[in-house]
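Here is how the chains run, residue by residue.
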Amino acid sequence: MIDNIERIGNFTSSNVFRLCASTVKGEVTAAFHTYVQEKMYERYLGRSLEMGAYSQSMAWGNFLEKRVNDNLPNGYIMVHKKTNVHPTHKFWTGSPDFDCPSLDKIAELKCFEPKNFASYVTALLSEDLDKIKKEHPKEYWQIVSNSCIKGYSKGEAIVYMPYASEMDQIRELADDPEYLSQINMEPWQVRFIIEKSNSQLAVLPNESKFKNLNIFEFEIPIEDKIFLTKRVMDANKLITG
């Protein structure tokens, strides 16, 4: 992603939540201006400010994405490596995990560590968009943003944490060069999956009250699309003048 020229200097779905927070008077917060400044720096530098640091949490999610994809119904296309550009606002981009054109939606997958998993799933189970937006703004606005870019009316949150009973198979896949080649990952990136115990990984006990795979689809409120679009346009104007 750090070498993707369509993301450099542009506002991306994974970070637009930083543009969306408001003060009690409805004004933008410091996070808005900080993000705008970062995008301005990138445009001047001609490169990403990020340097591609590796993390086990990120590797865990990337590794499990194909497993989730293989268990979803027809209509889901795994596109996490493709960046979409807004058709009219070229400074607004996003890379959803799943594109579902026949279903008029994008879907975002999260493979969180236990506390965030429990918090996010609990919010989604409420089916209360205001609660989800308040407690998980990063995830909510990412879905709204990618839906805006694609012109879809719906978004979907997918959250996955494997059961302990799945881990033998998952560790076999982590040790399978052919599978790793399919998902474009190197053995060193997933070695921790083989070496660590279940308690050291984001793994659900088989008897957990949570399900391993949680899916929540919702209609994107038109007012949120309008609000986000205005915030992104206002942010860009601060750079271009």
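This write-up is about the structure you can find in this document.

A word on the side chain of Asn84. Inspection of the secondary structure assignment puts Asn84 in strand β3 (residues 84-85). We classify Asn84 as buried; its relative accessible area is 10%. In this structure, Asn84 is in contact with Trp92, Thr93, Gly94, Pro96, Ile149 and Lys150, ignoring residues within four places of it in sequence.

In terms of nonpolar packing, the biggest core is built from 64 residues, with Phe11, Trp60, Phe63 and Ile193 touching the most fellow members. In this structure Phe63 touches Ile170, Leu173, Ala174, Tyr179, Leu180, Ile183, Met185, Val190 and Ile193, once residues within four positions along its chain are discounted.

All right, on to the packing of helix α7 (residues 167-174) against helix α9 (residues 187-195) then. Between α7 and α9, the least distance of the axes is 9 Å, while the angle of their chain directions is 150°. It follows from the interaxial angle that α7 and α9 lie roughly antiparallel. Considering only the axes of α7 and α9, their crossing is left-handed. Residues Met167, Ile170, Arg171 and Ala174 of α7 lie in contact with α9, whose contacting residues are Val190, Ile193 and Ile194. Here the contact of α7 with α9 is built from residues that sort into six nonpolar, no polar and one charged.

On to a nonpolar patch on the surface. A cluster of nonpolar side chains, contributed by Tyr41, Leu45 and Leu49, occupies part of the molecular surface with about 280 Å² of accessible area. Among the secondary structure elements, Tyr41 is positioned in helix α2 (residues 30-45).

In this section: the pairing of strand β7 (residues 154-160). It is a general feature of regular strands that their side chains alternate between the two faces of the sheet. The buried fraction of β7 amounts to seven of the seven residues, a majority that puts the element mostly inside the structure. Alternating residues of β7 divide into Lys154, Glu156, Ile158 and Tyr160 and Gly155, Ala157 and Val159, and every residue in both groups is buried. As paired strands, strand β6 (residues 105-110) and β7 are joined by six bridges and run parallel to one another. Each residue of the ladder has a partner; that of Lys105, found in β7, is Lys154. Here seven bridges tie β7 to strand β8 (residues 213-219), and the two strands are oriented antiparallel to one another. By the bridge assignment, Ala157 is partnered in β8 with Phe216.

Take the state of the cysteines next. Per the stated rule, a full pass over the model turns up zero disulfides. Note on Cys20: no disulfide assigned, nearest cysteine sulfur contributed by Cys148 at a separation of 9.7 Å. We note that Cys111 lacks a disulfide partner, and the nearest cysteine sulfur, in Cys100, lies 16 Å from it. Taking the relative accessible area as the measure of exposure, Cys111 reaches 11% and is therefore buried.

Okay, the pattern of salt bridges next. Using the criterion set out here, one finds 11 salt bridges in the structure. Here Arg18 and Glu38 are joined by a salt bridge, their closest N and O atoms 3.0 Å apart. Of this pair, Arg18 sits in helix α1 (residues 17-20) while Glu38 sits in helix α2, and the two are 20 residues apart along the sequence. The partly exposed category is assigned to Glu38, whose relative accessible area is 24%. Across the salt bridge formed by Asp234 and Lys230, the nearest N and O atoms sit 2.8 Å from each other. Residue Asp234 and its partner Lys230 are both found in helix α10 (residues 222-240); the two are separated by four residues, about one turn of the helix. By relative accessible area, which is 53% here, Lys230 ends up exposed. Several salt bridges share partner residues, and in doing so they unite Lys105, Lys154, Glu156 and Glu217 into one network.

Quick notes on the rules
- Residues numbered from 1 in each chain as written.
- Predicted model: local features only at pLDDT ≥ 70, side-chain atom pairs only at ≥ 80, totals over all residues.
- Heavy atoms only, no water.
- Helix = DSSP H or I, 4+ residues; strand = E, 2+ residues; numbered from the N terminus.
- Buried < 20%, exposed > 50% of the residue type's maximum accessible area, 1.4 Å probe, protein only.
- Contact = heavy atoms within 4.5 Å.
- Core = buried A, V, L, I, M, F, W, Y, C linked by side-chain atoms within 4.5 Å.
- Axes fitted to C-alpha atoms, helices over the stretch in contact; angles between N-to-C directions.
- Parallel < 35°, antiparallel > 145°, perpendicular 65-115°, else oblique.
- Left-handed = near helix turned anticlockwise from the far one by under 90°.
- Nonpolar A, V, L, I, M, F, W, Y, C, P; charged D, E, K, R; others polar.
- Patch = residues over 30% accessible without salt bridge, like charges linked within 9 Å, V, L, I, M, F, W, Y side chains within 5 Å.
- Areas by Shrake-Rupley, 256 points an atom, 1.4 Å probe, with all protein chains shown as cover.
- Salt bridge = Lys/Arg side-chain N within 4 Å of Asp/Glu carboxyl O.
- Pairing = 2+ DSSP bridges.
- Disulfide = S-S within 2.5 Å.

Interpretation in functional terms is not warranted from these geometric data alone.
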